[in-house]
Amino acid sequence: MEHFAKRSTQAYQALDAAHHIHAFVDQKALNEVGPRVMVKGDGLTLWDNDGKRYLDGMSGLWCTNLGYGRQDLVAAASAQLAQLPYYNMFFHTTHPAVVELSELLFSLLPGHYSHAIYTNSGSEANEVLIRTVRRYWQVMGKPEKKIMIGRWNGYHGSTLAATALGGMKFMHEMGGLIPDVAHIDEPYWYAHGGNLSPEAFGLQAARQLETRILELGAENVAAFVAEPFQGAGGMIIPPASYWPEIQRICRQYDVLLCADEVIGGFGRTGEWFAHQTFGFEPDTLSIAKGLTSGYVPMGGLILSRRMADALVERGGVFAHGLTYSGHPVAAAVAIANLKALRDEGIVERVERDTGPYLQRRLREALAGHPNVGEVQGVGMVAALQFTEDKASRKRFDNESDIAWHCRTLGFEEGIIIRSTLGRMILAPALVATHAEIDELVDKTRVAVERTAEHFGL
Ligand code: PXG
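The notes below deal with the structure included here.

To continue, consider the overall build of the protein chain. Summing up its helical and strand segments, the protein chain has 17 helices and 15 strands in all. Compactness check: the protein chain gives a C-alpha radius of gyration of 22 Å against a globular reference of 23 Å for 457 residues, within 12% of the reference. Scored against the burial criterion, the 457 residues of the protein chain give a buried share of 55%. Long-range pairs, those at least 24 residues apart, make up 71% of the contacts in the protein chain with a sequence separation of at least 6. Accessible surface for the protein chain amounts to roughly 19,500 Å². Of this, 55% is attributable to carbon and sulfur atoms. Computing the positive centroid from 42 side-chain charges and the negative centroid from 52, the protein chain places the two 1 Å apart.

Rendered as structure tokens:
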């Protein structure tokens, strides 16, 4: 089965250092220690090149919702590769795989969505979002409505426009961003809520959108774009008051409400899409990752019927297209993935059983720790907030170092968890069993305790 001979870890690391610039790291520092070399996965388990086993608590990068090693997805890819490995949706052409995928996808989505524009990634989904939203307002006779409002610390991808729409300032510093993008603050009560109750803070955070729209002029604002829960920016769940107020504001000022469901979609929260968990109705959904459980790249932009009708009936030529939009192999894998999530009752199980179990076990194990300020989460996603003082919600000055160390100890203990600023994030595959959840939670507790010991907290 191997297509290339196995080499030593040192050999892989030397070649890796010779040829790669990795994502979001100081490459020189990485070259000194060398990256871990992952070679195999099955379910939630990964093995590195030296045979060390890890329980993957991050679903790869929030994407392997079905876990590793699903032979039905392999078979779907293989059959499609043999039948028709590539064709496109240009030149008045379509193909069965993409048509079947869309029928299935829209049967799982709420009824007011009707059209998809497929991409290869979440970043591209958000690039397409910006172009499509601006085109929509042109078609509606309001071409001046082109400002996109995102959130500070939101993440929408690494391409130019997606970076601009996101709110990662250290990414903006690399420069070259697109114009007509604005930001409001994130609804991060633990850090910014002060003496307000979460509910009052949620309303205040949402009303920043209203203030910003009025400053910019509603006639110039095209859309508000946000993740239902903020993922890469710390797995932050907004207070319950937040989304209904955001929706009210968008409707009042005729601003499109766009949900980035790239990590929230496909069962993560125990519903098919995270916006359903948080109770709002976006006009568009950006999707990727869990659409194929990460087995092959695929993303897309989902449009409401209202938007699609305007674009189709009145829009004329839609001047956009990607070579791999609706790629048949990706579509075939997505079909197998969605069928498995649906027919094996995996999303329901996350909602009723494994999600509540993860949330309960984490709180039992860690909510009482003196340096864990809050445990947030829903379904198969959760975060722990490190704190210096629980009563005042004081954050450590070196919280990023503390959380990064905890993550490193997690690897030592044999689990993969992620850190962002002072938060530890867990987002295991949706197929996690109670035993796997127990192992993940128990080892997370060991990593937190060892971290507290190491820093003398
Ligand atoms: N939107 C959201 C909400 C994301 O989380 C993207 C768009 C971009 O998707 P692509 O497929 O272009 O990468 C993402 C990606 C992390 C991490 O460590 C998160 C992402 C990617 C890599 C790492 O949390 N999210």
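Bringing the sheet that holds strand β9 (residues 284–287) into the picture now. Remark on secondary structure: sheet strands pair via backbone hydrogen bonds, oriented parallel or antiparallel. Spatially, β4-β10-β9-β8-β7-β5-β6 is the arrangement adopted by the 7 strands of the open sheet, whose pairing is mixed. In the strand order of this sheet, the two ends are held by β4 (113–119) and β6 (181–184), each with one partner. Direction aside, the axes of adjacent strands within the sheet are offset by 20° on average. Sheet topology note: the strand β7 (residues 221–226)/strand β8 (residues 256–260) ladder contains 4 bridges and is parallel. By the bridge assignment, Ala 223 is partnered in β8 with Leu 256. Contacting β5 (147–151), β6 and β7, helix α10 (residues 198–216) crosses the sheet at an angle of about 145° to β6.

Within the secondary structure layout, Glu 261 lies in the loop between β8 and α12 (274–278). Notably, Glu 261 is buried but unbridged: the nearest opposite-charge side chain belongs to Arg 268, and the N-O separation is 9.8 Å. Separated by 2.9 Å, the side chain of Glu 261 and the backbone nitrogen of Ala 274 make a polar contact. If we skip the residues at most four places from it in the chain, Glu 261 touches Pro 228, Phe 273, Ala 274, His 275, Leu 285, Ser 286 and Ile 287.

This part takes up the packing of helix α15 (residues 346–366) against helix α17 (residues 434–455). In the contact formed by α15 and α17, the axes pass within 10 Å of each other and the chain directions differ by 25°. By the criterion of interaxial angle, the relationship of α15 to α17 is roughly parallel. Where α15 crosses over α17, the handedness of that crossing is right-handed. Here Asp 353, Thr 354, Tyr 357, Leu 358, Arg 361, Leu 362, Ala 365 and Leu 366 of α15 come into contact with α17, specifically with His 434, Ile 437, Asp 438, Val 441, Asp 442, Thr 444, Arg 445 and Val 448.

Basis of the calculations
- Residues numbered from 1 in each chain as written.
- Predicted model: local features only at pLDDT ≥ 70, side-chain atom pairs only at ≥ 80, totals over all residues.
- Heavy atoms only, no water.
- Helix = DSSP H or I, 4+ residues; strand = E, 2+ residues; numbered from the N terminus.
- Rg over C-alpha atoms; globule rule 2.2 N^0.38 Å.
- Buried < 20%, exposed > 50% of the residue type's maximum accessible area, 1.4 Å probe, protein only.
- Contact = heavy atoms within 4.5 Å.
- Areas by Shrake-Rupley, 256 points an atom, 1.4 Å probe, with all protein chains shown as cover.
- Lys, Arg positive; Asp, Glu negative; His and termini not counted.
- Charge placed at Lys NZ, Arg CZ, Asp CG, Glu CD.
- Pairing = 2+ DSSP bridges.
- Axes fitted to C-alpha atoms, helices over the stretch in contact; angles between N-to-C directions.
- Salt bridge = Lys/Arg side-chain N within 4 Å of Asp/Glu carboxyl O.
- Polar contact = N/O pair within 3.5 Å; in protein donor to acceptor, adjacent residues only side chain to side chain.
- Parallel < 35°, antiparallel > 145°, perpendicular 65-115°, else oblique.
- Left-handed = near helix turned anticlockwise from the far one by under 90°.

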